[in-house]
Amino acid sequence: MIVAEKKPLEAVARMLENYDRVLAVGCGTCVTVCFSGSGKEVAALAASLRMKRRIEGTPLAVGEGMVQRQCEWEYLDPLADQVKNYDAVLSLGCGVGVQTLAKRFPGTRVLPALNTLFMGLPTEQGVWEERCQGCGNCVLDKTGGICPVSRCAKQLFNGPCGGSQNGVCEVDATVPCAWHMIWERAEALGMTEALMEIEPAKDWSTSRDGGLRRMVREDLRAPREETKEG
Amino acid sequence: MSLANAAAIPPETTPKSGGNLERVLSAGQFAVTAELGPPRGCDADAVRRKAQLLKGWVDAANVTDNQAAVVRMSSIATGLLMIAEGLEPIVQMTCRDRNRLAMQSDLLGAAALGVHNLLCLSGDHQSKGDHPGAKNVHDVDSIQLVAMVRGMRDEGHYQNGKDIPGGGPRLFIGAAENPFADPAAIRPYRLRKKVVAGADFIQTQLIYDVPRFRAFMKKVVDLGVHEKTAILAGVGPVKSPGMVRHLRQNVPGLAVPETIDVRLEDAVKGIDDKQARAQAWRNEGKRICVETIQQIREIEGVAGVHVMAIEWEEAVPDIVKAAGLRQQPRG
Ligand code: SF4
Ligand code: SF4
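Everything quoted here is computed from the prediction, not taken from an experiment.

Caption draft 1: Main features of the state of the cysteines. All names here are of chain A. Applying the stated criterion to the full structure yields 0 disulfides over all chains. Sulfur of cysteine 71: no disulfide; nearest cysteine sulfur belongs to cysteine 27 and is 6.2 Å away. For cysteine 71, a relative accessible area of 40% corresponds to the partly exposed category. Between cysteine 94, a free cysteine, and cysteine 71, which holds the nearest cysteine sulfur, the sulfur-to-sulfur gap is 6.3 Å.

Spelled out as structure tokens, the structure:
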């Protein structure tokens, strides 16, 4: 899932300084699961903003909205009537959700209430961790299902750096060393031999470094019809 | 685990660099290298002073590349100042600060300006340094960097496989290894990987625990890696019990046995004067270092020592002399 966290209230309030009416919109998928953008968070943020502005003597009307997925066009259509009544939309979705809303409602300011962090998962109650950076050429087959791109602080491809100690990363003692895990897993699976091979320099052109990435499925493409994003 | 990779170790072609370090090592002499930390500003005299302290006492000296992720004078520029003083530099390059374009262009320039040696490193993480908000690069890792430089030199092509007009830089290629890092089982194999990629020499992390290093070297020798590369064992004098604590706490994978603390303690017994205590510690630190060198010299597969006396360059000649490595500076 995409993991995002709430921006500090002060930061959100600053974005809204020049507005009197704002619609806060949650998202029912990733950010609901990581407790940052569900209906409950929308209500809580709306209440805090209203109270803050009331105390400051500049009352703010905060509407509350919720969609199943902010990153899909069809889910946004029902918002259209609501959006009309506000000066701005405050998205409690991830960065993709914010941008989809902005595109869908070109005449309205859309503002982010969350900081989008990473693609990851919960590792224990209340803790989420990164697992993938979308490098565009997955190497998990070679590394025993443990990603060296997102989980090794130096993105090494040929084994642990000299700072790996007692299973933790030199950068942060609370973070397991990805290469320690890769090695242990290879030992458990009897696959250490594969780690003896030199992994050549990665082609990063499939990654963020190659510019905006796009996936095209000609077989699914509607002929001549413009996509909404296009 | 098989030795399948050993066959892929590149064949010897000499001389690779035309530098002094390569000459000493290929003559089978016990090599001595040291370290020169560039200044944090642009004071060329600071480099010249340190170079004069080391000149003649070592075969070449490493020049660090934004060591500990702290901005310092460029390692290549510092290396040129060293060359002018008559001290051969081993230019360090980390994967943290440059992508493959910057690395290759800097190496072409370094070679054109007379640099003969390169040490390839991952680099300390920027979160530990003075610009924690920096973006790191890690386009290639240290082993990929070794392979890239070997390809430039031996095949005469860039990383992309295209020919370098006029041929590649003649560099003697080094890499680092920490024998005490985890997982311990992978270390000799990772060292071999670096050698297969093209490392002509290896410098190790600081060694204080000689028995542990001996066990590591046994595995390295069993793999036959020492025949394909020159392994320089890292040593360094401790200055004080405080420095020992710092090394233990802050340098991952550094094994400093308790006997060192005991010896430093004994060295200042009955001494009250603060300055005299500091001097006694330093003397004992140098003695320990000398003994370590003597023990390490006896270990099969060790081709030299790398003496790291950080911000204490003047200790290097004393140590080199006392260890019987050379009695006077070589011209
Ligand atoms: S290798 Fe690339 S695609 Fe695979 S998990 Fe890691 S970042 Fe994601
Ligand atoms: S300690 Fe492990 S995870 Fe951390 S940078 Fe080194 S190899 Fe990567």
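Okay, back to it.
Caption draft 2: Quick look at the side chain of threonine 143 of chain A. Residue and element names in this part refer to chain A. As for its placement among the helices and strands, threonine 143 is situated in the loop between strand 7 (127-132) and helix 7 (148-151). Of the residues examined, threonine 143 reaches a relative accessible area of 5% and is grouped as buried. A distance of 3.4 Å separates a polar side-chain atom of threonine 143 from the backbone oxygen of valine 139. Separated by 2.7 Å, the side chain of threonine 143 and the backbone oxygen of isoleucine 146 make a polar contact.

Caption draft 3: Local environment of the site of ligand 1. With respect to spatial proximity, the complete set of residues near ligand 1 consists of Arg131, Cys132, Gln133, Gly134, Cys135, Cys138, Val139, Leu140, Cys147 and Val149 of chain A. A per-class count over the shell around ligand 1 returns 7 nonpolar, 2 polar and 1 charged.

Caption draft 4: How the structure looks around the packing of aromatic side chains. Residues and elements named next belong to chain B. All told, the structure shown has 4 aromatic pairs over all chains when counted by the stated rule. Judged by centre distance (5.4 Å) and plane angle (20°), the rings of phenylalanine 172 and phenylalanine 201 are stacked. Highlighted residues: phenylalanine 172 in strand 5 (residues 172-177) and phenylalanine 201 in strand 6 (residues 201-206), separated in sequence by 29 residues. A residue is classified by how much of its surface remains accessible, and phenylalanine 201, at 0% relative accessible area, is buried. A centroid spacing of 6.2 Å and a plane angle of 25° characterise the contact between phenylalanine 213 and phenylalanine 216, whose relative ring orientation is stacked.

Caption draft 5: Geometry of the site of ligand 2. Residue and element names in this part refer to chain A. If you check the shell around ligand 2, you find Arg151, Cys152, Ala153, Lys154, Leu156, Pro160, Cys161, Ser164, Cys169, Glu170, Cys177 and Ala178 and nothing else. In this structure the site holding ligand 2 corresponds to the largest cavity. Residue classes in the shell around ligand 2 are distributed as 8 nonpolar, 1 polar and 3 charged.

Caption draft 6: Quick look at the domain arrangement of chain A. Here chain A is described as being made up of domain 1 (2-117) and domain 2 (133-230). Each of domain 1 of chain A and domain 2 of chain A has a C-alpha centre, and these two points are 33 Å apart.

Caption draft 7: Spatial organisation of the interface of chain B and chain A. In this complex, chain B contributes 36 residues to the contact, which on the side of chain A involves 32 residues. Taken over both partners, the interface formed by chain B and chain A buries close to 2,800 Å², and the fraction arising from carbon and sulfur atoms is 53%. Three residues stand out in chain B for area buried against chain A, namely Gln144, Asp182 and Lys193 of chain B, and they jointly supply 20% of the buried area on that side. Remark: the boundary between chain B and chain A carries 0 salt bridges. Linking chain B to chain A there are 21 residue pairs in polar contact (both at pLDDT 80 or more). If you list the elements that add at least two residues to the side of chain B that touches chain A, you get helix 5 (142-155) and helix 6 (187-197) of chain B.

Caption draft 8: Region of the structure containing the nonpolar core. Judged by nonpolar contacts, the single largest core of 86 residues is most densely connected at Phe213, Met217 and Ile296 of chain B. If near-sequence neighbours (up to four positions away) are discounted, methionine 217 of chain B is found in contact with Ile231, Ile299, Glu300, Gly301 and Val302 of chain B.

Caption draft 9: Representation of helix 5 of chain B in the model. Residues and elements named next belong to chain B. When the terminal C-alpha atoms of helix 5 are compared, their 19 Å separation across 14 residues agrees well with the 20 Å that a helix rising 1.5 Å per residue should span. The complete set of buried residues in helix 5 reads Ser142, Ile143, Gln144, Leu145, Val146, Met148, Val149, Arg150, Gly151, Met152 and Arg153. A distance of 3.1 Å separates the backbone nitrogen of isoleucine 143 from a side-chain oxygen at the start of helix 5, and that oxygen is part of aspartate 141. With its phi angle positive at about 70°, glycine 156 sits one or two positions after the end of helix 5.

Caption draft 10: Looking closely at the pairing of strand 1 (residues 31-36) of chain B. Residue and element names in this part refer to chain B. Along strand 1, 6 of the 6 residues are buried, which leaves the element largely enclosed by surrounding structure. Side chains Ala31, Thr33 and Glu35 project from strand 1 onto one buried face, and the interleaved Val32, Ala34 and Leu36 project onto a second face that is buried too. Inspection of the sheet shows strand 1 paired to strand 8 (residues 302-307) by 4 bridges, in the parallel sense. Following the sheet pairing, alanine 31 is matched in strand 8 by glycine 304. Two strands pair when backbone bridges link them, and strand 1 and strand 2 (residues 60-63) are joined in this way by 4 bridges, in the parallel orientation. Counted as the bridge partner of glutamate 35 is asparagine 62 from strand 2.

Caption draft 11: Summary view of the pattern of salt bridges. Residues and elements named next belong to chain B. Scanning all chains against the criterion turns up 37 salt bridges over all chains. Among the ionic pairs, lysine 50 bridges to glutamate 311, the shortest N-O distance being 3.0 Å. Remark: glutamate 311 occurs in the loop between strand 8 and helix 11 (315-322) and lysine 50 occurs in helix 2 (residues 44-54); sequence separation between them is 261 residues. Owing to a relative accessible area of 12%, lysine 50 belongs among the buried residues under this scheme. Between arginine 187 and glutamate 177 there is a salt bridge; the shortest N-O distance is 3.1 Å. Here glutamate 177 lies in strand 5 and arginine 187 lies in helix 6, a separation of 10 residues in the sequence. When salt bridges with common partners are traced through the structure, they connect Lys16, Arg150, Arg153, Asp154, Glu155 and Asp200 into a single cluster.

Definitions and cut-offs
Every chain is numbered independently, its residues counted from 1 as its sequence is written. Chains carry letters and ligands carry numbers; both start at the beginning, A for chains and 1 for ligands, and go up in the order they are written. With the structure being a predicted model, the display of local features is reserved for residues of pLDDT at least 70 and the display and counting of side-chain atom pairs for 80 or more, all residues being used for whole-chain, interface and lining totals. Each side-chain value is derived from all of the structure's non-hydrogen atoms; neither hydrogens nor water enter the calculation. Defined by distance alone, a disulfide is two cysteine sulfur atoms within 2.5 Å. For every residue, the accessible area (1.4 Å probe, protein chains only) is compared with the maximum for its type, and the residue is labelled buried under 20%, exposed over 50%, or partly exposed between those bounds. The numbering of helices and of strands both runs from the N terminus, where a helix is a DSSP run of H or I of at least 4 residues and a strand a run of E of at least 2. Under the rule applied, a polar contact is a pair of N or O atoms within 3.5 Å (in protein, one hydrogen donor and one hydrogen acceptor; residues adjacent in sequence only if both atoms are side-chain atoms). Only heavy atoms are used to decide nearness, and a residue is near a molecule or strand if one of them lies within 4 Å of it. Charged residues are taken to be Asp, Glu, Lys and Arg, nonpolar residues to be Ala, Val, Leu, Ile, Met, Phe, Trp, Tyr, Cys and Pro, and polar residues to be all remaining types, Gly included. Stacked, tilted and edge-to-face pairs are distinguished by plane angle, under 30 degrees for stacked and over 60 for edge-to-face with tilted covering the rest, among Phe, Tyr and Trp rings (Trp via its six-membered ring) whose centres lie within 6.5 Å. Buriedness for pockets is judged along seven lines, at least five of which must meet protein on both sides within 12 Å for an open set on the 1 Å grid over protein atoms alone, while cavities are sets there where a 1.4 Å probe fits but cannot get out, and lining residues have an atom within 4 Å of a point. To decide whether a molecule occupies a pocket or cavity, check its atoms: if more than half lie within 2 Å of the grid points, it is inside. By convention here, the domain bounds are inherited from an automatic or database domain assignment. Contact between two residues is taken to exist if any of their heavy atoms lie within 4.5 Å; hydrogens are not considered. Buried area: the accessible area, evaluated with a 1.4 Å probe, that two parts lose upon being put together, summed over both parts. Each reported salt bridge corresponds to a side-chain nitrogen of Lys or Arg within 4 Å of a carboxyl oxygen of Asp or Glu. We call a set of buried Ala, Val, Leu, Ile, Met, Phe, Trp, Tyr and Cys residues a nonpolar core when their side-chain atoms join them within 4.5 Å. In a helix, the anticipated span is given by 1.5 Å times the number of residues less one. What makes two strands pair is DSSP finding at least two bridges between them.

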